[in-house]
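# Coordinate inspection notes
This is what each chain is made of:
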Amino acid sequence: MRLSTTLICLFLAPIPSGAQEIPAEASNPRVQVVTTLGSFVIELNTERAPFTVENFLEYVNEGHYEGTVFHRVIQGFIAQTGGYTEDLQLKSAERSVVNEAGNGLSNMRGSVGLARTNDPHSGNAQFYVNLADNLDLDPRPTRWGYTVFGTVVEGMEVVDEIGHRPTGGRGPFDRSVPVEDIFVQRVEVLTE
């Protein structure tokens, strides 16, 4: 526990005076998420969430997201994908990553976070896009938050369209599943 606290503090350290800042396009990869409703582009934050970004890109490169559905869509809250197939079967995602929620990034509208269970270090492949400012998902001194690791930089109107689709109960979920499936056709790296 002490080690992860130390690592998080290192990531939050300010850039020393006189240090050369790396241009965003050189250090932050972008991925395009192609869905049945259109595409959106996420810029990943390698400085603030290096372990989460590395883990996410491994799943992208393995083709994990192809054919997954948006299985949790709550208007004015989040749109979540990356974990379930068309028939709402949980897709295997063995690799999880340490929680980097204390990285200074916040769950603001358009930010992308790593979904998890109640175990703070259980995040693996599922991710969500914030449809509104969701500061309740940020860490507090008494509890872990949800790691923000990117921002939608193009196509937020597509995410908003996903967020406005009718939902209901289906499969293992009693609510919040889009009535008409919304698929991720592919996720592709645009820059590295």
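Read on for a plain summary of the structure. Quick caveat, the model's predicted, so the values are computed rather than measured.

### What about the overall build of the protein chain?
Of regular secondary structure, the protein chain possesses four helices and ten strands. Within the protein chain, buried positions represent 44% of all 192 residues. Long-range contacts, defined as pairs at least 24 residues apart, comprise 68% of the intrachain contacts of the protein chain with a sequence gap of at least 6. Surface summary for the protein chain: the accessible area is close to 9900 Å², and the carbon and sulfur share equals 51%.

### Examining helix α4 (residues 156–163)
Listing the buried residues of α4 in full gives Met156, Val158, Val159, Ile162 and Gly163. All buried residues of α4 lie within an arc of 155° about the axis, which places them on one face of the element. In the core, the buried residues of α4 are packed alongside β1 (30–35), β2 (38–44), β3 (72–74), β4 (78–81), β6 (127–130) and β7 (148–154).

### Some details on the pairing of β7
As a general feature of sheets, a regular strand has side chains that alternate between the two faces. Examined bridge by bridge, β2 and β7 share four bridges and lie antiparallel to one another. For valine 41, the partnering residue across the bridge sits in β7 and is glutamate 154. Here strand β5 (residues 111–114) pairs with β7 via three bridges, running antiparallel. Looking at β7, one finds that glycine 113 is bridged to valine 148.

Basis of the calculations
Residues numbered from 1 in each chain as written. Predicted model: local features only at pLDDT ≥ 70, side-chain atom pairs only at ≥ 80, totals over all residues. Heavy atoms only, no water. Helix = DSSP H or I, 4+ residues; strand = E, 2+ residues; numbered from the N terminus. Buried < 20%, exposed > 50% of the residue type's maximum accessible area, 1.4 Å probe, protein only. Contact = heavy atoms within 4.5 Å. Areas by Shrake-Rupley, 256 points an atom, 1.4 Å probe, with all protein chains shown as cover. Arc of directions from axis to C-beta. Pairing = 2+ DSSP bridges.

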